[in-house]
Amino acid sequence: MDNLIKYLKKYLRKGTIRQRMFRLMILGSMFTFVTMLVLFAYGFFMVSHVLGDQSEELSSSSSDYIESVTANQITSRLVDVARTRANTIEIELLYVAKDTEYLANGVHNIIVNPQNYKPRILPDPRLQPIKTGEVYLHRGAKLQAGGLSPAVENEIRLMGNVEEYIGPMAKNYSQYESTVFVGSKNGYIIAADNTPGQKNVPMTEEFLKSYEPAERNWYKNAHNNEKITFNDIYIGSEGFPSFTCSAPYTDENGFAGVVAIACAVHSLSDIMDSAVLGKTGLSFVMNNKGEIMLSTRHDGVLSAEQGKELSKNRSEGLSKALKTMNEGHSGWQIVELEGEEYYLAYAPLLKMNWSFGTLIAKKEVITPAVEARGNMENEMNRFRAIVQNRLICLLATSILIVGIMLCVMFTLSSWLSRRFVKPINTLTEGVQEIANGNLTKKLSISSGDELEALADCFNNMTDELQKYMANLTKVTMEKEHIATELSVATNIQESMLPHIFPPFPDNSYFDIYATMQAAKEVGGDFYDFYMLDEQHVVITVADVSGKGVPAALFMVIAKTILKNSSMNMNSMDKLPEVIASTNNQLCQNNEAMMFVTSFSGVLDLLTGRFVFVNAGHNPPLIYRAKEKRYEYLDVKRNFIMGGMEDVKYKGQELVLEPGDQLFLYTDGVTEALNEAKELFGEERLLAAINSSVEKNLDLKAGIIEIKRQLNNYVGNAEQSDDITMLALLYNGETENH
């Protein structure tokens, strides 16, 4: 019996389903009704098993694919959004920093040039209402109690001229609650407040009676740091949360006070709100202490209120992400927040040493994949139930007409095998082809049941995937087109700068070499040199505010105007007038508020007399052959070009001896940052250039040596600004002359 059973099992397992059904019909004639029951049970089990395997495989592969694609898309988009919004906030903060620096320079200019200004009296908020945007003077508590000395009284009247700087600048920030102000070490402030929607500025009793600028963090931080400083968010005297950018200013005795610009934090709200994705998304800004400063959520761990204790959170994933953010990195991680997993993308705000983050719940991302799998399983289960019901009906019919079934079984089994198996096989083969990348494949099933609906769903899915791939291809082509245009712009900019050395091979009075390395595809730095006549040569190194295409365009304008003005100069003593003329031309229609710092000079090749004008630029270095070392040249810093019309520029002069050298550069050299955010600095530059002298290097080799030391210092840190260097060697009279 056992051998017979083994033989029957082996016999029944051979061939296709159709063949096995045919064999069962033959055996049914021999084993009658019992054999038919066994055949039916076996066929029922096989069909259910095939349907189950196919439905599980389709559900798993489809949902895994959808989940993988969705996760990759959302993380990529989150990182792009984080970086874009961080850069946007950085740009907003950079404008504030530039305005703060401009205000500090203006205050310093008033202090050191009192003869150019008349005394001016500003309104006092203790005596009269102050309109929004109006510049006023407020004496601090100590000054109110102690009274004014004649010297302080004169200083206040002179500083009233700061209205010329604060008034226009306050208008630039009038759309938000903001304050532009100057705080003196002598205990008074000059300010203009913007309170949108209100005619007059509300002044608190505390501010009018006890406000002391020197006791405020914005004052202390700028004083201690001795540079432009962004301060943590605080509630200002006007009652609105603000962030403040402050900078010290000086007089002839050194530190004299602090200028600052305070803006309401909701000036950044639109940028943060635009970064929120989905229903569970949120965005936040965190300082370097691990505290939430701004957040689109008003409750929970990442709200601005509870975020002050964020460093105490025990979630290992969240703690690791916060540490990475504090280190200034960008990227994404999966973190657990309040018992739920989130995708977190982040990018640094380098100017404030803060970090920007945006999140979305993982379950929201993978919900479409989970729903697709559930729907597919439901459809397959429904189909399996239909098949089971029909097989049961077939069993009842077979009991009644056993004899007839022997004749009909062959035809029926063939029809059933094609009816049940063919659509499934067609669907399986089509899905496998789609999974292999053929998105043009269309499933054609006309079964009139759930399999046909499932095939239509797959066809719709492939159509959507093709549209997505087409859009992705279009975006990629657009990016490549922009990259090509930037490459052409780079070549054009490089061709505009003198790049053939030696430039004047027949002139042995001097040697010159220069180089410019842009931080982006195109830059705002430029250098230039040209002969006015056979006896005089002009050299220039300049730095345009900002970077990228706008700075490059402004650079072309500034370089062209400066050279055209210089070529019309009939005396080297006219150089200050040339700089003043260039400044006036740059100020015309300068709606972008861009400016240029420059160092320009004219060298008499016969006498060695060198006349120069420094327009807000870094001081150059001079090498004296007799002393055999470089040192910084003592220069007077005139006002920048393009910032204000009708500025008078003062020239200086010196005499170069044969063998003396000049080294000009932009702040991209001294302000280059290493991975620890530390500046290269003027002392390292001086040491680097003197080491090149000790090695007896020529001009080109010397500049290459400086760049080598600069690159070693910066390491893997990204270049933050354009780097430009120019070196000139004065030979004087030689045997050929």
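Here the structure is a predicted model, which is why all the values come from computation and not from measurement.

Chemist: Help me out: how do you make sense of the overall build of the protein chain in this one?
Modeler: Scanning the protein chain for helices and strands turns up 17 helices and 21 strands. Every one of the 737 residues in the protein chain was classed for burial, and the buried ones make up 47%. Look at the contacts in the protein chain between residues 6 or more apart in sequence, and 65% of them connect residues 24 or more apart. Accessible surface, the protein chain: about 37,800 Å² in total, of which carbon and sulfur atoms supply 53%.

Chemist: Could you clarify how one ought to interpret the packing of helix α13 (residues 548-567) against helix α14 (residues 575-587) in this entry?
Modeler: Working note: a packed helix pair is described by the angle between its axes plus the distance between those axes. Running from N to C, α13 and α14 cross one another at 145 degrees; their axes reach a closest spacing of 9 Å. In terms of crossing hand, the pair formed by α13 and α14 is right-handed. Contact residues: α13 offers F554, I557, A558, I561, L562, S565 and S566, while α14 offers V578, I579, S581, T582, Q585 and L586. Each residue belonging to the contact of α13 with α14 can be placed in one class, and the counts come to 8 nonpolar, 5 polar and no charged.

Chemist: It is not clear to me how the sheet that holds strand β20 (residues 661-665) should be interpreted in this structure. Could you clarify?
Modeler: Paired through backbone hydrogen bonds, the strands of a sheet run either parallel or antiparallel to each other. An order of β12-β21-β20-β17-β18 is seen for the 5 strands of this open sheet, with the pairing classed as antiparallel. Each of the sheet's edge strands pairs with one partner strand only, and the pair in question is β12 (510-517) and β18 (629-632). Across this sheet, the average inter-strand angle for adjacent strands is 15 degrees, counted without regard to direction. Examined bridge by bridge, β12 and strand β21 (residues 723-730) share 8 bridges and lie antiparallel to one another. Among the inter-strand pairings, I512 is bridged to a residue of β21, identified as L728. The sheet strands contacting helix α16 (residues 681-694) are β17 (621-624), β18 and β20, and the helix crosses β18 at an angle near 155 degrees.

Chemist: When you look at the environment of S720 in this model, what are you seeing that I'm missing?
Modeler: Along the chain, the position of S720 falls in the loop between α17 (699-714) and β21. Since its relative accessible area comes to 33%, S720 is described here as partly exposed. Along the sequence, S720 and N674 sit 46 residues apart, while their C-alpha atoms lie 9.9 Å from each other. If near-sequence neighbours (up to four positions away) are discounted, S720 is found in contact with A519, K547, E671 and L673.

Chemist: Explain the nonpolar core to me, please; I cannot follow it from the model alone.
Modeler: Soluble globular proteins tend to pack their nonpolar side chains together in the buried interior. One finds L103, V107, M159, I166 and V182 to be the most contacted residues of the largest nonpolar core, which totals 57 residues. The biggest single contributor to this core is helix α2 (residues 17-112), with 15 residues. In this view, I166 contacts L103, V135, V180, F181, V182, I190, A191 and A192; residues no more than four positions away in its chain are not counted. Counting 56 residues, the second-largest nonpolar core is a separate cluster that includes A551, M569, L728 and Y730.

Chemist: How should the packing of α16 against α17 be read in this particular structure?
Modeler: Running from N to C, α16 and α17 point in directions that differ by 140 degrees, and their axes come no closer than 9 Å. For the element pair α16 / α17, the angle class is oblique. Along this stretch, α16 crosses α17, giving a crossing that reads as right-handed. Of the residues in α17, those in contact with R684, L685, A688, I689, S691 and S692 of α16 are G702, E705, I706, Q709 and Y713. Tallied by class, the residues present in the contact of α16 with α17 amount to 5 nonpolar, 4 polar and 2 charged.

Chemist: Looking at this model, I keep getting lost on the packing of aromatic side chains. Mind explaining?
Modeler: Any pair of aromatic rings gets described here by the distance separating the centres and the angle formed by the planes. Following the criterion strictly, the structure yields 17 aromatic pairs and no others. Ring centres of Y623 and Y630 lie 5.3 Å apart, and the angle between their planes is 45 degrees; this geometry places the pair in the tilted category. Pair check on accessibility: Y623 and Y630 agree, each one buried. Put simply, the rings of F501, F504, F510, Y513, Y527 and F529 pair up and form one aromatic cluster.

Chemist: Just checking my understanding: could you explain helix α7 (residues 217-225) for this structure?
Modeler: Structurally, the α-helix is built with 3.6 residues per turn, so residues lying three or four positions apart point the same way. Taken together, the buried positions of α7 are W218, Y219 and A222. The buried residues of α7 occupy an angular sector of 100 degrees when projected down its axis, which confines them to one face. Within α7, the exposed residues directed more than 90 degrees away from the buried face are N217 and N224.

The rules behind each value
- Residues numbered from 1 in each chain as written.
- Predicted model: local features only at pLDDT ≥ 70, side-chain atom pairs only at ≥ 80, totals over all residues.
- Heavy atoms only, no water.
- Helix = DSSP H or I, 4+ residues; strand = E, 2+ residues; numbered from the N terminus.
- Buried < 20%, exposed > 50% of the residue type's maximum accessible area, 1.4 Å probe, protein only.
- Contact = heavy atoms within 4.5 Å.
- Areas by Shrake-Rupley, 256 points an atom, 1.4 Å probe, with all protein chains shown as cover.
- Axes fitted to C-alpha atoms, helices over the stretch in contact; angles between N-to-C directions.
- Left-handed = near helix turned anticlockwise from the far one by under 90°.
- Nonpolar A, V, L, I, M, F, W, Y, C, P; charged D, E, K, R; others polar.
- Pairing = 2+ DSSP bridges.
- Core = buried A, V, L, I, M, F, W, Y, C linked by side-chain atoms within 4.5 Å.
- Parallel < 35°, antiparallel > 145°, perpendicular 65-115°, else oblique.
- Phe/Tyr/Trp six-rings, centres within 6.5 Å; stacked < 30°, edge-to-face > 60°.
- Arc of directions from axis to C-beta.

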